[in-house]
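# Breakdown of the fold
Okay, here's what each chain looks like letter by letter:
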Amino acid sequence: METMQLKKGEIVSASLKKMESDLRSEKMPLREAVAETCRILFAFGHDSGLSGQITARAETAGTYWTQRLGLGFDEITSDNLLLVDQDLNVLKGEGMPNPANRFHSWLYRARPDINCIVHSHAPHASALAMLEVPLTISHMDTCVLYDQVAFLGEWPGIPVGNEEGEIISGALGNKKAILLSHHGLLVCGASVEEACVLGVMFERAARLQLLAMAAGEIQPIPHDLGAEAQKWVSTPRRYEATFAYYSRRARRELPAL
């Protein structure tokens, strides 16, 4: 097929169709994907002791899988995950969930399109949160988050009450991500793979922003080009392929996992 005379839009459309048919990665079962997300985030520097939660909707409505309080991201396996309801009652597994998971229940109730939530206190995102500075998306690599990041400028305190759930879900609105002042990052996806990729890229975007702020003033990218780039990298096939790469990389760099 001759392509040298095609317009950019035609090439983009054809490439997206080809990725849909040709870009294939083996999907993990749900629980394994949740556990792998924990380990990937650990490998990418999101570890903060026992802080942070990953949750994913389970097969039964109103329930989700999450990690057990007392275990770090690097210790999570599919066998030690907990199945909980929206009131954080444990339905399967041993131990207790993090009480801060309560605001996840509010997000799931408000957003039927969300199937997985990643929340962490990754260092660069947390540094921006300390400055009360919103995340700026101004680089091609991070455009998966372009026009998708909300900002909660006022810290409501520890997120263990229903009030914090209402505040955070209201601030997130219809976006896929939010920076929580004096707290950390939160991303959500239609799949575990999407949420994992957005979590990794959020922290990368925060790191790039801090580096750029130290050197000068960050310049915005044109809205139409940012939206085009966001669409280009935000497909289920792309998320699955990126997740698979993150998994391979984490296992190479941290073989003990």
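Details of the structure are given in the entry above.
Residues numbered from 1 in each chain as written. Predicted model: local features only at pLDDT ≥ 70, side-chain atom pairs only at ≥ 80, totals over all residues. Heavy atoms only, no water.

### Some thoughts on the overall build of the chain
Filter applied, for reference: Helix and strand definitions here come from DSSP, where helices need a minimum of 4 consecutive H or I residues and strands a minimum of 2 consecutive E residues; each element is numbered from the N-terminal end. In this setup the radius of gyration rests on C-alpha atoms only. A globule is expected at 2.2 Å times the number of residues raised to 0.38. Summary of the burial criterion: residues with accessible area below 20% of their type's maximum are buried, those above 50% are exposed, and those between are partly exposed, where the area comes from a 1.4 Å probe applied to protein chains only.
Counting its secondary structure elements, the chain contains 8 helices and 8 strands. Relative to the globule expectation of 18 Å for 257 residues, the C-alpha radius of gyration of the chain, 18 Å, shows essentially globular dimensions. Here the C-alpha coordinates of the chain stretch approximately 60 × 40 × 35 Å along the principal axes. Looking at the chain as a whole, 45% of its 257 residues qualify as buried.

### Observations concerning a nonpolar patch on the surface
This is how it is decided: Put simply, a patch holds well-exposed residues, over 30% relative accessible area, that have no salt bridge, with like charges counted together within 9 Å and Val, Leu, Ile, Met, Phe, Trp or Tyr side chains within 5 Å. Accessible surface is estimated by sampling points in the Shrake-Rupley manner with a 1.4 Å probe; for residues, cover comes only from the protein chains shown. Salt bridges are defined as contacts in which a side-chain nitrogen from Lys or Arg sits within 4 Å of a carboxyl oxygen from Asp or Glu.
Residues Leu50, Leu69 and Met96 make up a contiguous nonpolar surface patch of roughly 250 Å² in combined accessible area. Take Leu50: it is sitting in the loop between helix 2 (30-43) and strand 1 (53-57).

### Topic: the sheet that holds strand 8 (residues 184-189)
Convention followed: Note on pairing: DSSP must find at least two bridges between two strands before they are called paired. Note on definitions: angles span 0 to 180 degrees between N-to-C directions of axes, and those axes are lines fitted to C-alpha atoms, for helices only across the stretch in contact. Two residues qualify as a contact provided that any one of their heavy atoms is within 4.5 Å of a heavy atom in the partner residue.
Strands sit in the order 4-3-2-1-5-8-7-6 across an open sheet of 8 strands; the sheet is mixed. Only two strands of the sheet have a single partner each, and these edge strands are strand 4 (90-92) and strand 6 (149-152). Taking the axes of each pair of neighbouring strands and ignoring which way they run, one obtains an average angle of 25° across the sheet. In terms of strand pairing, strand 6 meets strand 7 (residues 177-180) through 4 bridges, oriented parallel. Residue pairing in the sheet places Ala150 in a bridge with Ile178 of strand 7. Of the strands in this sheet, strand 7 and strand 8 are in contact with helix 4 (residues 123-131), which crosses strand 7 at around 60°.

### Let's talk about the pattern of salt bridges
In total, this model carries 13 salt bridges according to the counting rule given. One salt bridge connects Arg39 with Glu36, and the closest N-O pair in it is separated by 2.4 Å. Placement of the pair is Arg39 and Glu36 together in helix 2, with a separation of 3 residues, close to one helical turn. Note that Lys176 and Glu194 form a salt bridge whose closest N and O atoms lie 2.7 Å from each other. You can see Lys176 sitting in the loop between helix 5 (162-172) and strand 7 and its partner Glu194 sitting in helix 6 (residues 192-215), a full 18 residues away along the chain.

### Topic: the packing of helix 2 against helix 8 (residues 236-253)
Put simply, the test is: We call two directions roughly parallel when the angle between them is under 35 degrees, roughly antiparallel when it is over 145, roughly perpendicular when it lies between 65 and 115, and oblique otherwise. In this scheme the handedness of a crossing depends on how the near helix is turned from the far one: anticlockwise by less than a right angle means left-handed, clockwise means right-handed.
In the contact formed by helix 2 and helix 8, the axes pass within 9 Å of each other and the chain directions differ by 60°. Relative to helix 8, the element helix 2 lies oblique. For helix 2 against helix 8, the interelement crossing comes out left-handed. Of helix 8, the residues touching helix 2 (which contributes Ala33, Glu36, Thr37, Arg39, Ile40 and Ala43) are Phe243, Tyr246, Ser247, Ala250, Arg251 and Glu253.

### A look at the packing of aromatic side chains
The relative placement of two aromatic rings is captured by the distance of their centres and the angle of their planes. We count it as follows: A pair of aromatic rings is counted whenever rings of Phe, Tyr or Trp (Trp by its six-membered ring) have centres within 6.5 Å, and the orientation is called stacked for planes under 30 degrees apart, edge-to-face for over 60 and tilted otherwise. Note on criteria: charge over ring means Lys NZ or Arg CZ within 6 Å of the ring centre, with the direction from the centre no more than 35 degrees off the ring normal.
Enumeration according to the criterion identifies 3 aromatic pairs in this entry. Ring geometry for Tyr64 and Tyr108: centres 5.2 Å apart, planes at 40°, overall tilted. One end of the pair, Tyr64, is in strand 2 (residues 63-66); the other, Tyr108, is in helix 3 (residues 102-110), with 44 residues separating them in the sequence. The buried category is assigned to Tyr64, whose relative accessible area is 3%. Taking relative accessible area as the criterion, Tyr108 reaches 6% and is therefore assigned buried. In this structure an aromatic cluster arises from ring pairing among Phe44, Tyr245 and Tyr246. If you follow Arg109 out to its NZ or CZ, it ends over the ring of Trp106, 5.1 Å from the centre.

### Topic: the side chain of Thr66
With respect to the helices and strands, Thr66 occurs in strand 2. Its relative accessible area of 0% is what places Thr66 among the buried residues. Non-local contacts of Thr66, meaning those with residues more than four positions away in its chain, are made with Ile54, Thr55, Leu81, Leu82, Val84, Pro97 and Asn101.

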